[in-house]
Amino acid sequence: MTDSTAREIAPASGKLGLLMPGMGAVASTLIAGVMHARNTGEDPIGSVSQMAHIRLGKREEGRNPRINEFVPLADLDDIVFGGWDPLSPNMLEAARTAGVMTPEDLAPLSGELEGVVAMDAVFDQRWVSRITGVRVKEQTNKMDQAQALMEDIERFRVENECDRLVMVWCASTEAYQEPSAVHASIESFEQGLRDSDDNIAPSQIYAYAAIMNGVPFANGAPNLTLDLPCIVELAEREGVPICGKDFKTGQTLMKTLISPGLKSRMLGVRGWYSTNILGNRDGEVLDAPENFMTKESSKLGVLDTILQPEVYPNLYGDIEHKVRIDYYPPRGDDKEGWDNIDIFGWLGYPMQIKINFLCRDSILAAPIVLDLALFMDLASRAGESGVQEWLSFYFKAPQAGPAGPEHDIFIQQTKLKNTLREWMGEQPVTHSEAG
Ligand SMILES: NC(=O)c1ccc[n+]([C@@H]2O[C@H](COP(=O)([O-])OP(=O)(O)OC[C@H]3O[C@@H](n4cnc5c(N)ncnc54)[C@H](O)[C@@H]3O)[C@@H](O)[C@H]2O)c1
C-alpha cells in the first residue's frame, strides 16, 4: 500500500547531460551501448535501472513493476553525452582504440559517436605516469583549472539545452595518496587550489567544479576524489549528492557474490588468491606500482567487511588474501581472472574452489555508469545531498557514513530497492513471513 510519506520528487523532464572525465574504454562503450539501445530498441543488458523489477507490498499483491516504471528516471532518449580526455578526440576514436566493440557493431553508430567530442582535460602526468596528455588545459594554477572546468560545464549545459547534469568519473586510476592537511576543510582545500598544492589531484579539481556547479558526482575509479572531509562537507553545503568508489565489476563482483554465500553456510575461509591479466589502457596505467596500490587498497577491503572476522574469528580470523593484476597486452579489454579459494568445513576438512572468469571489463562497467547517472539524477531531484550510501551496490569500496561500508551485494541490493520504495512512499520489503 502506498502511504503519504512519499518524497516530493521533481519530474525528469527535459534533457540530462552525462559528463564523464575520462572518455576511454568504459565511457565509449557506455555511450555506444546507449545509442545502440535507443536506435534498435534492444535491451540494455546489465542495467538494473532499466531491466530489474521491484516488488511492492506483499507477494500476493503481485505488484512487480520495472524500476524505471516505478521511479521517475530520465529516459535514455533524453541523455546527452560529454566529457574530457587528454587523449581521445571523440568517442568513435576512443571506441576504436579501446577495441571493445567490433567494427561491424560500431559502423552504424560512427556518425553519432564522432559527434561526441572530448573537451581538453585537467591532467597532470604526476598522477598517471603512463599517459602523456596532448589535449590538456593551458591553465597551470589549480583554482584557474577548476574555474575553466566550471565554464566548460556551463557551456555544455547551454549548448545542449540540458535541464540537469550529472558527472561520473571514468578516467584513469590516479597514483595512491593518503588524505593530507589540505583536505581537512573547504577553506584549506580552496586555499590549496589557489596555491596549486601538490596534494590536490586532478580528480579532486573535477569534483570541486562539479559540486560548485550543483552537479552530482559519482567516482568510478579507486582514487580518493570524494573520500575527503573537504569534499563531503562541500557536497553537503551545496546540497549535491556524491557517491563512490571504484565500479564493482569482474573479480570483485565475483568475490561479493561468493563470500556471502560461504558465510551464510558458516564455511570457513583460509585463503583467497586472486590474479588477473588485462591488456587495455587501464591495465597499462595499473602496471605502474603507485597506481596499482590505489586499486589494491580498494579491492582488499571487501572480504573483511563481508566475512566479519571479529565476529567469526575461527572461520575468518586468519585469511591470506592476495590480489594481483598483470598487464598483458594481447588480451586487450578481455580480462581473465583466476581465483583460488581455500575453504574448510565440517571437522575442519579443507576444500578448494577455483574460478576462471573470462570477462569483458568495459561490458560489465558500462551499465553501471548508466545506472549511476540515472540514480544520481533521481537523488538530486529527490532533494538528497552528500554521500549516497544506497548506491554501495555498484562499488568496490563504497563511501559510507560512520558505521562503515556494506560490501555484501545482496544487502546492498536490498538497501537500494528499499530506498526507492521509501522515497515513493512504499513499505520496505523485509522478506519475513509477515512482510
Ligand atoms: N572497466 C571496469 O571494469 C572498471 C572497473 C572498476 C573501475 N574502473 C576504472 O574506470 C576507469 C576507466 O577505465 P577504462 O577501462 O575506461 O580506462 P581507459 O584507460 O580506457 O580510459 C581512461 C581515460 O581517462 C583518461 N584520463 C586520464 N586522466 C584524465 C584526466 N585527468 N582527465 C580526463 N581524462 C583523463 C585517459 O586518457 C583515458 O582515455 C579506470 O580508472 C578504471 O580503473 C574500470
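Because the structure is a prediction, the values reported are computed rather than measured. (Residues numbered from 1 in each chain as written. Predicted model: local features only at pLDDT ≥ 70, side-chain atom pairs only at ≥ 80, totals over all residues.)

**Student:** Describe the overall build of the protein, and please don't skip the residues or the numbers.
**Tutor:** Within the protein one finds 16 helices and ten strands. Relative to the compact-globule value of 22 Å for 435 residues, the protein shows a C-alpha radius of gyration of 22 Å, a close match. If you line up the protein on its principal axes, its C-alpha atoms span 65 × 55 × 50 Å. At a minimum sequence separation of 6, the contacts of the protein that also span at least 24 residues come to 78%. (Helix = DSSP H or I, 4+ residues; strand = E, 2+ residues; numbered from the N terminus. Rg over C-alpha atoms; globule rule 2.2 N^0.38 Å. Contact = placed C-beta atoms within 7 Å.)

**Student:** Can you lay out the site of the ligand for me, pointing to particular residues and giving the numbers?
**Tutor:** Close contacts around the ligand come from 36 residues, with G22, G24, A25, A221 and R281 the closest. For the shell around the ligand, the elements supplying multiple residues, two or more each, are α1 (25-40), α12 (281-286) and α15 (361-381). No other element matches α15, which puts four residues into the shell around the ligand. The class makeup of the residues in the shell around the ligand is 21 nonpolar, ten polar and five charged. Mapped onto the domain boundaries, the shell around the ligand takes at least three residues apiece from domain 1 (15-247 + 363-423) and domain 2 (251-358). (Near = placed C-beta within 6 Å. Nonpolar A, V, L, I, M, F, W, Y, C, P; charged D, E, K, R; others polar. Domains from an automatic or database assignment.)

**Student:** Report on helix α4 (residues 91-98), specifying residues and quantitative values.
**Tutor:** For α4, the set of buried residues is M91, L92, A94, A95 and A98. Buried residues in α4, looked at end-on, bunch into an arc of 165 degrees, giving them a common side. Summarising the contacts, the buried residues of α4 are in contact with α1, α5 (103-106), α6 (110-114) and α15. (Buried ≥ 20, exposed ≤ 12 C-beta atoms within 10 Å, placed from the backbone. Arc of directions from axis to C-beta.)

**Student:** Tell me what's going on with the pairing of strand β8 (residues 336-344), and back it up with residues and numbers.
**Tutor:** Looking at chain direction, strand β6 (residues 268-278) and β8 are connected through nine bridges and run antiparallel. From the neighbouring strand, Y273 faces β8, where its bridge partner is N340. By the bridge criterion, nine bridges tie β8 to strand β9 (residues 350-358) in an arrangement that is antiparallel. From the neighbouring strand, N340 faces β9, where its bridge partner is K354. (Pairing = 2+ DSSP bridges.)

**Student:** Summarise the domain arrangement of the protein; cite the residues concerned and give the values.
**Tutor:** Entries for the protein in the domain assignment read domain 1 (15-247 + 363-423) and domain 2 (251-358). The interface is formed by 26 residues belonging to domain 1 together with 25 residues belonging to domain 2. By residue class, the composition of the side of domain 1 that touches domain 2 is twelve nonpolar, eight polar and six charged.

**Student:** I'd like to hear about the sheet that holds strand β7 (residues 320-327), residue by residue, with values.
**Tutor:** Read across the open sheet, the four strands follow the order β7-β6-β8-β9; overall the sheet is mixed. Only two strands of the sheet have a single neighbouring strand rather than two, namely β7 and β9. Within this sheet the neighbouring strands show an average axis-to-axis angle of 10 degrees, counted without direction. Relative to β8, helix α11 (residues 250-264) is tilted by about 20 degrees, and along the sheet it contacts β6, β8 and β9. Lying on the sheet, helix α13 (residues 289-307) is in contact with β6 and β7; it crosses β7 at an angle near 150 degrees. (Axes fitted to C-alpha atoms, helices over the stretch in contact; angles between N-to-C directions.)

**Student:** So what about the pairing of β6? Which residues, and what values?
**Tutor:** Where β6 lies against β7, eight bridges are found, and the strand directions are parallel. If you follow I277 over to β7, its bridge partner there is D326.

**Student:** Tell me about unusual backbone geometry, residues and numbers included.
**Tutor:** Residue G244 is joined to K245 through a cis peptide bond whose omega torsion reads -10 degrees. Take K245: it is sitting in the loop between β5 (241-244) and α11. With a phi angle near 75 degrees, D246 is a residue other than glycine that sits in the positive phi range. Here D246 falls in the buried class, since 23 other C-beta atoms lie within 10 Å of it.

**Student:** Explain the environment of V100 to me, and be specific about the residues and the numbers.
**Tutor:** Relative to the helices and strands, V100 is located in the loop between α4 and α5. Using a count of 25 C-beta atoms within 10 Å as the deciding quantity, one classes V100 as buried. Taking the C-alpha atoms as reference, V100 lies 7.2 Å from T29; in sequence the two are 71 residues apart. Among residues more than four places away in sequence, those in contact with V100 are A25, T29, A95, D333, R360, S362 and I363.

**Student:** Run through the sheet that holds strand β1 (residues 15-21), naming residues and quoting values.
**Tutor:** Strand order in the open sheet formed by six strands is β2-β1-β3-β4-β5-β10, and the pairing between neighbours is parallel. Single-partner strands in this sheet number two, and they are β2 (79-84) and β10 (386-387).

**Student:** If you had to explain the packing of α1 against α4 to someone new, which residues and values would you point to?
**Tutor:** It is the contact of α1 with α4, at a shortest axis distance of 9 Å, that shows an interaxial angle of 115 degrees. When you trace α1 past α4, the crossing you get is left-handed. From α1, A25, A27, S28, T29, I31 and A32 reach across to α4, where they touch M91, A94, A95 and A98. Here the residues of the contact of α1 with α4 sort into eight nonpolar, two polar and no charged. (Left-handed = near helix turned anticlockwise from the far one by under 90°.)

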